[in-house]
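Chain by chain, the residues run as shown.
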Amino acid sequence: MKIVKYLGICLLAVLFSAGFESCSSDDEYSSRLKELIIKDLNFEANEDDGALYRTSTFRNEDLTNYMATPGASWCHVSFDVEKSQMTVTVDENNSYDERQTTVLLSDVKAPEVTRTFKVTQKQNNYIGVPENYFKVETKGGQLEIVFEHNINDYEIICDEDWIHYKVKNGTRGITKSSLSVSVDENKSGRQRKGYISIESSYNSEPVDITIEQEYVINYYFRMLTESYEIDELGGNVSISAQTNKFDPVTGQTLFDIYPPEDSWAKLGDLEVYKDLLAITQRVTVSPFTRKESSRTTTLYIDEYTITITQYRNLYIKESDFSLLRQESKSLSVYNRNGDGVTWSSSNEAVAKVSADGLVTGVGVGTATITVTSSDGKYKDSVTVTIQRPEDLRDYFSVEWQPYFDGNDVSSLSCTLNNDSQHNIQLTRCEIYSDLKLLSYMDYSDKSGALKAGDNKKASFDGLKGKGTKFGFTVVWYYNFNGENFTYRCEYTL
């Protein structure tokens, strides 16, 4: 019994001793919390590798009694006692504001000892547009595009030369900024689409804004004038119009052109000026040689009737003609401007022309008679053929008036009828019987003149007994334009 009691007493002593030692250790405990090197921590909103944590290692530190109390639910702190490590983890920041909390570190064995450090997490960087598609009319216009962002470190990019913009920057925090956009008139000939991109180093993908512009065009066609003139020399007439009725890229026209109705005017090249919204249609006009003051043709462009009038300024009214040698003819001219003219002959040995257009035959052959305007720009010509005078016997006839004495002719009158279109000059009239000259009459320039359509009477007396059974022969001598001719006629008893 004593032995057991002694053992019990010894056990109590041991226990007491252990309790005493324990009390003695608590009294001697000194927290090292304040000696730990702990820094404030900063986190991105979203780390690229997803590691939203930081681990601090405190070599050979006993972290058993340490406790961490974050001030926000998005922050978490844990301890690995075996590795003497403290790990701070934060949730992903889906807000657009930066956030911060304070972590309180305490020692459960020494509650009066505390430490704090701050955990800061950046905002979720954001650039966005409430509306990213816009449609613009053909004529262009203004757009006010609102975009939201909480950063100012961004760049606006647009590669379209028909879209212009101006940015009004905002401030940090979610801000609505305005992007003033001006869109030019669409002259491309087709619907077109452009993009504005908002790029930032904080965003992996750019924010795109689409601008689509329609191409609906109101066509028009306006002629500058509907009447054109050109002179007899001909050349090109340029017909111009203001229009947008063509493809602005290819220049292909969207209107009809009908050629002139007359062969002397033909369609030439069509020039399309895309930048000026204009066209010019060339019409080639042939020289005008007909003896008329003007001529007009018509063509049609779009809904317009276009007239081209070609005028003659100078022409000889007569056509090519013939003259006998020594004959003359006066030429007349159409002279639109009324200016002075000059006359000329290509061969004055054949035909001469006076200053007022009187043409005279000189020698047998042809010559070109030309009239020329005083400035030498306009001229016209005719060809004159000078012929040798012909024998007009086929155009003559005679009438006989005999006077008898018994059975014999005592006197005889012969009347010569000039049924030609020419004046002649009689020089002599003779009467024969049986080839014997019985009598004659000579004519002067005045007495022998016989005009076209007139007649001349010659009377011979003293013929009794001189006639034969064959009668009498009368020979008329005449001059026609420098040539001498005879006309023989017979009176039979």
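Residues numbered from 1 in each chain as written. Predicted model: local features only at pLDDT ≥ 70, side-chain atom pairs only at ≥ 80, totals over all residues. Heavy atoms only, no water.

K.L.:
When you look at the overall build of the protein chain in this model, what are you seeing that I'm missing?
P.N.:
Within the protein chain, the regular secondary structure consists of 1 helix and 40 strands. Taken against the 2.2 N^0.38 rule, which gives 23 Å for 493 residues, the C-alpha radius of gyration of the protein chain at 65 Å runs more than 25% over that of a compact globule. Judged by the C-alpha coordinates and their principal axes, the protein chain covers about 235 × 35 × 30 Å. Expressed as a percentage of the 493 residues in the protein chain, the buried residues total 39%. Residue pairs in contact within the protein chain that sit at least 24 positions apart in sequence constitute 59% of those at least 6 positions apart. (Helix = DSSP H or I, 4+ residues; strand = E, 2+ residues; numbered from the N terminus. Rg over C-alpha atoms; globule rule 2.2 N^0.38 Å. Buried < 20%, exposed > 50% of the residue type's maximum accessible area, 1.4 Å probe, protein only. Contact = heavy atoms within 4.5 Å.)

K.L.:
Would you mind showing me how to read the sheet that holds strand β9 (residues 133-136) here?
P.N.:
For sheets, the rule is that strands pair by backbone hydrogen bonds, running either parallel or antiparallel. Here 4 strands make up an open sheet; going across it, the order is β9-β15-β14-β11 and the pairing mixed. Across the chains shown, the open sheet's two edge strands, defined by having one partner strand only, are β9 and β11 (155-157). Geometrically, the sheet is characterised by an average inter-axis angle of 20° between neighbouring strands, direction not taken into account. Where strand β14 (residues 192-199) lies against strand β15 (residues 207-213), 7 bridges are found, and the strand directions are antiparallel. Residue pairing across strands places tyrosine 195 opposite threonine 210, the latter belonging to β15. (Pairing = 2+ DSSP bridges. Axes fitted to C-alpha atoms, helices over the stretch in contact; angles between N-to-C directions.)

K.L.:
What is the right way to look at the nonpolar core in this model?
P.N.:
The nonpolar side chains of a soluble globular protein tend to be buried with one another. Grouped together as the largest cluster of nonpolar side chains are 25 residues, with contacts concentrated most on Ile424, Leu426, Trp476 and Tyr478. Elements supplying a minimum of two residues to this core: β34 (408-418), β35 (424-433), β38 (455-460), β39 (472-480) and β40 (483-491). A per-element tally of this core places β39 first, with 5 residues. Setting aside anything within four residues of it in sequence, one finds leucine 426 in contact with Leu416, Tyr443, Ser444, Gly448, Leu450, Lys456, Trp476, Tyr477 and Tyr478. Leu41, Val90, Ala110 and Phe117 belong to the second largest nonpolar core, which has 23 residues in total. (Core = buried A, V, L, I, M, F, W, Y, C linked by side-chain atoms within 4.5 Å.)

K.L.:
Please clarify how the sheet that holds strand β5 (residues 85-90) should be interpreted in this entry.
P.N.:
With antiparallel pairing, the 3 strands of this open sheet are ordered in space as β2-β5-β4. Where the open sheet ends on each side, the last strands, each with one partner, are β2 (53-57) and β4 (75-80). Each adjacent strand pair in this sheet contributes to an overall mean axis angle of 15°, direction not counted. The pairing of β2 with β5 spans 5 bridges and is antiparallel. Note on β5: the bridge partner recorded for threonine 55 is threonine 87.

K.L.:
How should the pairing of β14 be read in this particular structure?
P.N.:
Bridge count for β11 against β14 is 3 bridges, and the pairing is antiparallel. What sits directly across from isoleucine 157, in β14, is serine 197.

K.L.:
What exactly am I supposed to notice about the side chain of serine 31 here?
P.N.:
Structurally, the position occupied by serine 31 is in the loop between α1 (2-27) and β1 (41-43). Relative accessible area serves as the criterion here: at 14%, serine 31 is assigned to the buried category. A distance of 3.2 Å separates the side chain of serine 31 from the backbone nitrogen of leucine 33, its partner in a polar contact. A distance of 2.7 Å separates a polar atom in the side chain of serine 31 from a polar atom in the side chain of aspartate 107. Excluding residues that lie within four positions of it along the chain, serine 31 makes contacts with Tyr66, Asp107, Ala110 and Val113. (Polar contact = N/O pair within 3.5 Å; in protein donor to acceptor, adjacent residues only side chain to side chain.)

K.L.:
Which parts of the structure should I look at to understand the pattern of salt bridges?
P.N.:
Here the idea is simple: oppositely charged side chains can pair when their charged atoms come close. Scanning the entire structure with this criterion turns up 16 salt bridges. The salt bridge partner of lysine 291 is aspartate 380, with a shortest N-O separation of 3.2 Å. Note that lysine 291 is positioned in the loop between β21 (278-285) and β22 (294-301) and aspartate 380 in strand β32 (residues 379-387), a separation of 89 residues in sequence. In this structure lysine 291 comes out as partly exposed when scored by relative accessible area, which is 28%. Residue classification places aspartate 380 among the buried positions, given a relative accessible area of 11%. Aspartate 408 is paired through a salt bridge with lysine 464; the nearest N and O atoms lie 3.6 Å apart. Here the residue aspartate 408 occupies a position in strand β34, and lysine 464 occupies one in the loop between β38 and β39, the gap between them amounting to 56 residues. Given the relative accessible area of 44%, lysine 464 is considered partly exposed. Here the residues in one salt-bridge network are Lys291, Arg312 and Asp380, joined through shared partners. (Salt bridge = Lys/Arg side-chain N within 4 Å of Asp/Glu carboxyl O.)

K.L.:
Would you mind showing me how to read unusual backbone geometry here?
P.N.:
The phi angle at leucine 277 is positive, at roughly 50°, despite the residue not being glycine. As for its placement among the helices and strands, leucine 277 is situated in the loop between β20 (265-273) and β21.

K.L.:
Any chance you could explain the packing of aromatic side chains here in plain terms?
P.N.:
How two aromatic rings sit relative to each other is set out by the distance from centre to centre and by the angle between their planes. Tallying each qualifying case throughout the model produces 9 aromatic pairs. Relative to phenylalanine 255, the ring of phenylalanine 221 has its centre 4.9 Å away and its plane inclined at 65°; by these criteria the two rings are edge-to-face. In this pair, phenylalanine 221 sits in strand β16 (residues 221-223) while phenylalanine 255 sits in the loop between β18 (235-243) and β19 (257-258), placing the two residues 34 residues apart along the sequence. The class of phenylalanine 221 is buried, set by a relative accessible area of 8%. Assessed through its relative accessible area of 7%, phenylalanine 255 is described here as buried. (Phe/Tyr/Trp six-rings, centres within 6.5 Å; stacked < 30°, edge-to-face > 60°.)

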